[in-house]
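Survey of secondary and tertiary structure
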Amino acid sequence: MQGTASRSVPVWTGRDDGPGAEHLRWHHVVHRWDGTGGPGGCAFVGFRSDEGVRRNKGRQGAANGPDALRGALASMALPAPRSAFDAGDVEVTGGDLESGQHELGRVVTGLIDAGQLPVVFGGGHEVAFGSYLGLVHAAQVAQGARIGVLNLDAHFDLRADETPSSGTPFRQMAERERVRGADFRYAVLGISQPSNTAGLFATADELGVQYLTDDRCGVLDRPLVDDFLDDFLDTCDLVHLTIDLDVLPASVAPGVSAPAAFGVPVEIIEHACSRVAASSKLALCDVAELNPDLDIDSRTARTAARLVHRVLTTPPSRAGAAPRSRARGGFERLLDDDGRTIHRGLE
């Protein structure tokens, strides 16, 4: 396809402490995806793109994120054997972001329909729209499954720019969902008020976006975060979890285009990843904005790898979910006439 190039699947290597399941690390279990793996595994895909960040006037370098994330994940120890594959990279070339996103979607659809959990390594946050194209064309969605998109991010990325970029993916999703006659189920955890204009907040309200700002996502706010996540999970059958690493404090994620002056503690972001993975609804995950050129001591790559590791090693069961309390911590819900949550905040 013009504007994209497929690279060979990289060889995973890392620390080796000897044979046996007790010494397993990720690089021991990842095999090349050839379309024949049994269901129940995970499959990594790289999206090598800086084009969306360039169009959004951000700092480029995230195209090298997939290699850095693979390298950071490879030597992490596994608690138990699991099935894992690598489907290689989709690379955006010649500035043709749109072709790259559609190619990524084609790869992701094939993986989902084959029973795999795709984990996409970006790339700028334009990766999210390519991932979404893969999920929306999956067989389960054609059969009526409801999609929900959970974004861990400091930004709404709802810009209405004529040219798509890393700042427009969720507005593009909203438009696609409207065209196909589906509700736009989009929630964002970690929104930074100073990083989003009043116009973007107004757009979020118009689209019925659920969100929690970063100053309500501290460690002591975990009950509020749990209610927010559980309310969102109740609205959908399949979850697209997208993690923009700029949601984290700059101290743990300096290697992003727009480092956070405040950010959400990594404990809360990891907990959110666990809660979604435990819901049995996770269908797709992507990680965006890892820029190795801006990283310090591979902090951002290691943090991103830790989040991916947590997503993929959390048992899919709601049995351990915390009890829910609607009024805990001054939590306030505004419902529409059908009882659906349309806004939430603190009293």
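Residues numbered from 1 in each chain as written. Predicted model: local features only at pLDDT ≥ 70, side-chain atom pairs only at ≥ 80, totals over all residues. Heavy atoms only, no water.

Looking at the overall build of the chain
Under the convention used in this document: The secondary structure listing takes helices from DSSP runs of H or I that are at least 4 residues long and strands from runs of E that are at least 2 residues long, numbered from the N terminus. Buried residues are those whose accessible area, probed at 1.4 Å on protein chains only, stays under 20% of the maximum for their type, while exposed residues exceed 50% and partly exposed ones sit between those limits. Contacts between residues were defined by any pair of non-hydrogen atoms, one from each residue, lying within 4.5 Å. In this description, accessible areas are obtained by the Shrake-Rupley approach with a 1.4 Å probe, and a residue is regarded as covered only by the protein chains that are shown.
Per the secondary structure count, the chain includes eleven helices and twelve strands. Counting across all 347 residues of the chain, residues that qualify as buried make up 57%. For the chain, the share of sequence-separated contacts (at least 6 apart) that also reach a separation of at least 24 residues comes to 78%. In the form shown here, the chain has an accessible surface area of approximately 14,200 Å², with 49% of it arising from carbon and sulfur atoms.

Structural notes on empty space enclosed by the protein
The following threshold applies: Here a cavity denotes a set of grid points, spaced 1 Å apart and computed over the protein atoms alone, in which a 1.4 Å probe fits but from which it cannot get out, and a pocket denotes an open set meeting protein on both sides within 12 Å along at least five of seven lines; residues with an atom within 4 Å of a point are reported as lining. Grid points are joined across faces, edges and corners, and a volume is the space filled by probe spheres set on the points. The classification used treats Ala, Val, Leu, Ile, Met, Phe, Trp, Tyr, Cys and Pro as nonpolar, Asp, Glu, Lys and Arg as charged, and all other residues, Gly among them, as polar.
The final tally for this structure, using the stated rule, is one cavity of 30 Å³ or more. Here the largest cavity defines a volume of roughly 30 Å³. Contributing to the lining of the largest cavity are Tyr 132, Ile 147, Val 149, Met 173, Glu 177, Asp 183, Phe 184 and Arg 185. If you list the elements that add at least two residues to the lining of the largest cavity, you get β6 (147-152) and α7 (169-179). Here the residues of the lining of the largest cavity are counted per class, giving five nonpolar, no polar and three charged.

Section: the packing of aromatic side chains
How two aromatic rings sit relative to each other is set out by the distance from centre to centre and by the angle between their planes. The criterion, for reference: Two rings belonging to Phe, Tyr or Trp (six-membered ring only in the last case) form a pair when the distance between their centres is within 6.5 Å. Interplanar angles under 30 degrees mark stacking, angles over 60 mark edge-to-face geometry, and anything in between is tilted.
Inspection of every chain in the model, using the stated rule, returns ten aromatic pairs. On the numbers, 5.1 Å between centres and 75 degrees between planes, the contact of Trp 33 with Phe 85 is edge-to-face. Here Trp 33 is found in the loop between β2 (30-32) and β3 (42-48), whereas its partner Phe 85 is found in strand β4 (residues 84-92), with 52 residues between them in sequence. Of the two residues, Trp 33 and Phe 85, neither departs from the other in class, the shared state being buried. A network of ring pairs unites the aromatic residues Trp 12, Trp 26, Phe 44 and Phe 121 as a single cluster.

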